[in-house]
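Chains, contacts and geometry: an overview
One-letter residues, chain by chain:
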Amino acid sequence: MGLMAEGTGAMPTVIWTPGFRQFRAKLLRKRVFFYFLLCISCWLLLNASTFIRRSLFADYCTDQRSKGILRTLCQDYRQGVLTGDLCKDLCVTQTMVYKRCLYYDKGKKVIQADWNGQPIILKSKLENFLSYESLYLLDERESRPIPDVDILVFTALEIKHSLGLEVKNVTIPQLWTKHLKGRTGSFSRAELSSMWSLFQQEEYVFFQLLQDLSKHVLRVIGSCGHFYAVEYLTAGHAWHRSLFSIEKLVPLSWRGSSRKAWWQVTNRIALSFLELARHFENDFSYQLHLCDIKPENFAIRADLTVVAIDVDMAFFEPKMRAILEQNCTDDEDCNFFDCFSRCNIETKTCRAERSNNNLQVICDKIFRPLFSPRLSELRVYHPLQSQLYKAVQRCAELSGQGNVDKKTMEITFSELYNLFKACQRDM
């Protein structure tokens, strides 16, 4: 025993034995070790939180930093370094004013502004104008104007590099800003520098090339230096019960029957998605593949047209084939986000052809949650609801069946189109 009592009738005397001293020393060592671990844990937690804070918030969207970027842009404009058809509104008349920063990551800046009372979006892939590569022709021919043919050649090469497209019969004004259309005379150094900074942004080139060819892409309003402005639309959200802010799109005449309006608007949006899928597949020189299909990358205009607002993962057929061709050991190695291919086991390379298509992914990522039976409480009962959801399921499951022939896809498209129209017509 570690403790012993001697004597009777009086308070016992406690005798400290070697066993108790050992126990006390052992307990003390445990406490010291515990405090040591606590100090180490606190130190690690402090350093981890500092690292996370620096990593997450070093490029955080702050008003102070965003306004500073625009001030620098205007200083460069006043000094004649850059130009654009929106520079005067932003820097002189101030009919364009900063509202808030929407996104900032690795230099990519997305800002909401107010332009003559209307909201717009300002975007740039890089924060600073000098971060873009300069057009070396400007350094070679400082004292002489650059022929338009040389500019066109370099523009075509840049577009081929970024989008994988051969550009023919496209003039510089069509690719840059509206105020240059029909102009005569050579371009100034500021114009060429600004133009070249925009051509290095794949999204800008993509939107600008399709301005007159598609209603399903954002409208480009203009530019100032390396920033370009597009129309303001509210993006969808996967966590939103209806994916898109449908309540903002319901016509005033329908708001007396909210569930009926929800159903009507949902079906019209679905029809627009079908139109987008067919349009991107058939209406350009090359098929356009969307490899990141999710509500956040689309928005709905007031007329219920679906618009692709983020095309960082959109590729025309030539570039899509180049991306898919890679080494593989099985089919999973050939999946590039939402764009799938198949592995050729003999050659150990992915096939250049995409094995699924935009419509199948839209059925899976957009239509399936949009028409899920779990959301039935949000809408009026319709006898075609069950049939519609089954058709959406069949469409989505085609992605796992490899290359589906055109006839099957045409039947799938027609089935969905007819069901959406019928549901809309019968409400």
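Use the structure listed above.
Note on numbering: residues in each chain are counted from 1, in written sequence order. With pLDDT at 70 or above as the cut-off, local features in this predicted model cover only qualifying residues; side-chain atom pairs require 80 or more to be listed or tallied, and sums for whole chains, interfaces and linings still use all residues. To get the side-chain values, take all heavy atoms of the structure and skip hydrogens and water.

The next point concerns the pattern of salt bridges. We count a salt bridge whenever a side-chain nitrogen from Lys or Arg sits within 4 Å of a carboxyl oxygen from Asp or Glu. A complete count under the given rule lists 15 salt bridges for this structure. A salt bridge links aspartate 331 to arginine 342; its shortest N-O distance comes to 2.9 Å. Highlighted residues: aspartate 331 in the loop between helix H10 (317-324) and strand E10 (343-344) and arginine 342 in the loop between H10 and E10, separated in sequence by eleven residues. Accessible area is worked out with a 1.4 Å probe on protein chains only. A residue is then buried under 20% of its type maximum, exposed over 50%, and partly exposed in between. Taking relative accessible area as the criterion, aspartate 331 reaches 28% and is therefore assigned partly exposed. Residue classification places arginine 342 among the partly exposed positions, given a relative accessible area of 26%. Between aspartate 338 and lysine 365 there is a salt bridge, and its shortest N-O distance comes to 2.7 Å. With aspartate 338 in the loop between H10 and E10 and lysine 365 in helix H11 (residues 358-370), this residue pair connects regions lying 27 residues apart in the sequence. A relative accessible area of 9% means that aspartate 338 is categorised as buried. Several salt bridges share partner residues, and in doing so they unite Arg219, Glu231 and Arg301 into one network. In this description a helix means any DSSP run of H or I spanning at least four residues, a strand means any run of E spanning at least two, and both kinds are numbered starting from the N terminus.

Nonpolar cores were defined as sets of buried Ala, Val, Leu, Ile, Met, Phe, Trp, Tyr and Cys residues, with membership established by side-chain atoms within 4.5 Å. Counting residues in each nonpolar core, the largest one holds 81 residues, and the members touching the most others are Phe206, Phe273, Phe298, Phe367, Phe371 and Phe420. Whether two residues are in contact is decided by their heavy atoms, any of which lying within 4.5 Å being enough. Not counting residues up to four positions away in its chain, the partners in contact with phenylalanine 206 are Leu163, Val217, Leu288, Val311, Ala314 and Phe316. In this structure, Leu70, Cys87, Cys91 and Met96 belong to the second largest nonpolar core, which totals 23 residues.

Here a pair means two rings of Phe, Tyr or Trp (six-membered ring of Trp) with centres within 6.5 Å. Their orientation is stacked below 30 degrees between planes, edge-to-face above 60, and tilted elsewhere. Evaluated as defined, the whole model comprises 16 aromatic pairs. Taken together, a centroid distance of 6.0 Å and an interplanar angle of 75° make the contact between phenylalanine 206 and phenylalanine 207 edge-to-face. Here phenylalanine 206 falls in the buried class, since its relative accessible area comes to 2%. In this structure, lysine 109 packs its charged tip against the face of tyrosine 104, placed 4.0 Å from the ring centre. Whether a charge lies above a ring is judged from NZ of Lys or CZ of Arg, which has to be within 6 Å of the ring centre and within 35 degrees of the ring normal.

When DSSP finds two or more bridges between two strands, those strands count as paired. On the basis of which strands lie adjacent, the open sheet formed by five strands has the order E1-E2-E3-E5-E4 and antiparallel pairing. Each end of this open sheet is capped by a strand with a single partner; those strands are strand E1 (96-105) and strand E4 (220-224). For this sheet, the mean inter-axis angle between neighbouring strands, taken without regard to orientation, is 25°. As paired elements, strand E3 (residues 118-124) and strand E5 (residues 227-231) share four bridges and run antiparallel to each other. By the bridge assignment, lysine 123 is partnered in E5 with tyrosine 228. Geometry is summarised by axes, namely lines fitted to C-alpha atoms with helices restricted to the contacting stretch, and by angles between N-to-C directions that run from 0 to 180 degrees. Along the sheet face, helix H2 (residues 63-78) touches E1, strand E2 (108-115), E3, E4 and E5 and points at about 115° away from the line of E1.

For E1 and E2, the ladder comprises eight bridges, and the chain directions are antiparallel. Along E2, the bridge assignment pairs arginine 100 with glutamine 112. The antiparallel hairpin formed by E1 and E2 contains two residues in its connecting segment, where lysine 106 sits at a positive phi of about 55°.

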